[in-house]
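Spelled out from the first residue to the last, the chains are:
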Amino acid sequence: MTVADSGRGAPTTDAASGRAPAPSAMDRIRLAAYELFSTNGVRAVGVDAVVERAGTAKMTLYRNFPSKDDLVLDFLERRERLWSDEWLRAGCRARAADPSGRLLAVFELFGEWFAEPDFEGCAFVTTMLEYSDHEHPIRRDAVTRLAGIRGFLCDLARDAGLGDPEHVAAQWHLLMKGAIIAAHEGDRSAAAKARELGVLLLRSHGLPAS
């Protein structure tokens, strides 16, 4: 299942009928926006495409989201929850018990992600690059979501006993973003290569890694 697919979630079941309740119009709009923005970027997708995919009226969209910017901000918040929290953070915790192992687990997850036929890349990076105005609220929000990932990496580096954990987190994030770009270029082994560099980085700080 792709990261974008995880946005669908598991439907709850209506106890009386035994059937999953139909999603609300707002839920369909949010899901349609999530899938379209994840795959095609933000600028290329208009509200007409969102309402068509959601099967709702444009008036319904604007009743819930006064502007497209509001819909994009909702998408970024949802992406952080599904990608950063429920996939990346939870996946690293599940794959390793120690902090340094969890740092390396990032690239194990990436390797599986890059191998998916519909690999879509990092929505925070692509959204940030689509807005050249550094003061635009959407660009600022994407930058904040990226900073949240570095915060997670910084916590792992600190727990691993690495000196200057913020610096290590920035270096690790560079490896992650570089691997994502390389995967976009078609290098499906980019995660393994980034992991090799991560091992060297940990060893340079005196931590055993393999």
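Residues numbered from 1 in each chain as written. Predicted model: local features only at pLDDT ≥ 70, side-chain atom pairs only at ≥ 80, totals over all residues. Heavy atoms only, no water.

Visitor: Looking at this model, I keep getting lost on the nonpolar core. Mind explaining?
Guide: As a rule of thumb, soluble globular proteins bury nonpolar side chains together. Judged by nonpolar contacts, the single largest core of 66 residues is most densely connected at L88, F110, F114 and W172. Put simply, the parts of the chain that give this core at least two residues each are α1 (25-40), α2 (47-54), α4 (68-95), α5 (99-114), α6 (123-130), α7 (137-159), α8 (165-184) and α9 (190-204). (Core = buried A, V, L, I, M, F, W, Y, C linked by side-chain atoms within 4.5 Å. Buried < 20%, exposed > 50% of the residue type's maximum accessible area, 1.4 Å probe, protein only. Helix = DSSP H or I, 4+ residues; strand = E, 2+ residues; numbered from the N terminus.)

Visitor: For this particular structure, what's the right way to read the packing of α1 against α4?
Guide: Packing of α1 against α4 leaves a shortest axis separation of 9 Å and a crossing angle of 80°. The angle between α1 and α4 falls in the class roughly perpendicular. Between α1 and α4, the residues in contact are I29, R30, L31, A33, Y34, F37 and S38 and K68, L71, V72, D74, F75, R78, R79 and L82, respectively. Of the residues in the contact of α1 with α4, the class split is nine nonpolar, one polar and five charged. (Axes fitted to C-alpha atoms, helices over the stretch in contact; angles between N-to-C directions. Parallel < 35°, antiparallel > 145°, perpendicular 65-115°, else oblique. Contact = heavy atoms within 4.5 Å. Nonpolar A, V, L, I, M, F, W, Y, C, P; charged D, E, K, R; others polar.)

Visitor: How should the side chain of E35 be read in this particular structure?
Guide: In this fold, E35 is placed in helix α1. A distance of 3.0 Å separates polar atoms of two side chains, one belonging to E35 and the other to R53. (Polar contact = N/O pair within 3.5 Å; in protein donor to acceptor, adjacent residues only side chain to side chain.)

Visitor: Sorry if this is basic, but what is going on with the pattern of salt bridges here?
Guide: A pair can form between side chains of opposite charge whenever their charged atoms are brought close. All told, the structure shown has 13 salt bridges when counted by the stated rule. For R79, the salt bridge is made with E120, and the minimal N-O distance between the two is 3.1 Å. With a gap of 41 residues between them, R79 in helix α4 and E120 in the loop between α5 and α6 connect regions that are remote in the sequence. Both residues of the pair, R79 and E120, belong to the buried class. Salt bridges linked by common partners bring E80, D141 and R145 together as one network. (Salt bridge = Lys/Arg side-chain N within 4 Å of Asp/Glu carboxyl O.)

Visitor: Would you mind showing me how to read the environment of C122 here?
Guide: If you trace the backbone, C122 turns up in the loop between α5 and α6. Accessibility expressed as a relative area gives 6% for C122, which makes it buried. Counting along the chain gives 24 residues from C122 to L146, while the straight-line C-alpha distance between them is 9.6 Å. Residues within four places of C122 in sequence aside, it is in contact with W113, L146 and I180.

Visitor: What's the story with the environment of A57 in this structure? I'm lost.
Guide: Tracing the sequence through the fold places A57 in the loop between α2 and α3 (58-64). Separated by 28 residues in the primary sequence, A57 and I29 have C-alpha atoms spaced 9.8 Å apart.

Visitor: Teacher, can you tell me more about the packing of aromatic side chains here?
Guide: Aromatic ring pairs are described here by two measures, namely the spacing of the ring centres and the angle between the planes. Summed over all chains, the structure comprises 15 aromatic pairs. Three or more aromatic residues joined by ring pairs form one cluster here, namely W83, W87, F107, F110, W113, F114, F119, F124 and W172. Note that R43 overlies the ring of Y131, its terminal NZ or CZ placed 4.0 Å from the centroid. Directly above the ring of Y34 sits R78, whose terminal nitrogen or CZ lies 5.6 Å from the centroid. (Phe/Tyr/Trp six-rings, centres within 6.5 Å; stacked < 30°, edge-to-face > 60°. Lys NZ or Arg CZ within 6 Å of the ring centre and 35° of its normal.)

Visitor: In this structure, what is going on with the confidence of the model for the protein? I would like to understand it.
Guide: Close inspection of predicted coordinates is inappropriate in any region flagged by low pLDDT. Averaged over all residues, the pLDDT of the protein equals 90, while 90% of them reach at least 70. Within the protein, α3 has the poorest average pLDDT of any element, 94, and α7 the best, 98. Across residues 6-15, where pLDDT falls below 50, the model places 17 contacts with residues more than four positions away in sequence or in other chains. (pLDDT = per-residue confidence, 0-100.)

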